[in-house]
Amino acid sequence: ITLSVLTPAFAPALAADLAWIVQGIGAIGATTGTLGWGEDTVGLTMRQMPASVAYAAVANVTTDLVVAFESTERLQNRGRVTVMVPEDFQVLCTGVLLKELSLPGVVECRVFPGQ
């Protein structure tokens, strides 16, 4: 099962805008499309996670990229943080190129081109 969630850039100002719509998409036999849907009218309150990115913004130069964030939640085993970069960025982060500063546990980097 793959669960994708798209959240707004900012928390809605009105309580009425906190509702979530859930759509189940898949295939049963020869039928493909929406299999079901639901609505949570109560919704949930979002808290923005403080985050920042720093790098030397010079064209055609290889530079370090530093991603910093603070979370009130603890990632359990196999937890994941996803960092998405613009299409014209090339990320090299395997082996000695990945420099973990303060994340506990096993830290790895995987690049998914075109996403």
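Our subject is the structure listed above.
Anyway, here's the lowdown on the structure attached to this text. On a predicted model such as this, the values are computed, not experimentally measured, just so you know. (Residues numbered from 1 in each chain as written. Predicted model: local features only at pLDDT ≥ 70, side-chain atom pairs only at ≥ 80, totals over all residues. Heavy atoms only, no water.)

## Quick word on the overall build of the chain
For the chain, the helix and strand inventory stands at zero helices and four strands. N-terminal to C-terminal, the α/β element order of the chain is β-β-β-β. Sorting the 115 residues of the chain into buried and exposed places 3% on the buried side. In the chain, once contacts between residues fewer than 6 apart in sequence are set aside, the share between residues at least 24 apart is 22%. Accessible area for the chain stands at about 11,000 Å²; split by element, carbon and sulfur atoms hold 57% of it. (Helix = DSSP H or I, 4+ residues; strand = E, 2+ residues; numbered from the N terminus. Buried < 20%, exposed > 50% of the residue type's maximum accessible area, 1.4 Å probe, protein only. Contact = heavy atoms within 4.5 Å. Areas by Shrake-Rupley, 256 points an atom, 1.4 Å probe, with all protein chains shown as cover.)

## Quick word on unusual backbone geometry
We note that Asn60 has phi near 55 degrees; this positive angle belongs to a residue other than glycine. Note that Asn60 resides in the loop between strand E3 (51–55) and strand E4 (65–69). With a relative accessible area of 85%, Asn60 lands in the exposed category.

## As for the pattern of salt bridges
For the structure shown, the criterion picks out one salt bridge. Its salt-bridge partner being Glu108, residue Arg110 comes within 3.8 Å of it at the nearest N-O pair. Taken as a pair, Arg110 and Glu108 share a single burial class, namely exposed. (Salt bridge = Lys/Arg side-chain N within 4 Å of Asp/Glu carboxyl O.)

## Section: the state of the cysteines
All chains considered together, the criterion is met by one disulfide. The partner cysteine of Cys93 in its disulfide is Cys109, sulfur to sulfur 1.8 Å. Across the S-S bond linking Cys93 and Cys109, the dihedral sits near -70 degrees, which makes this disulfide left-handed. Linking Cys93 in the segment after E4 with Cys109 in the segment after E4, this pair joins segments that are 16 residues apart in sequence. (Disulfide = S-S within 2.5 Å.)

Such coordinate-based values are descriptive only and should not be taken to indicate function.
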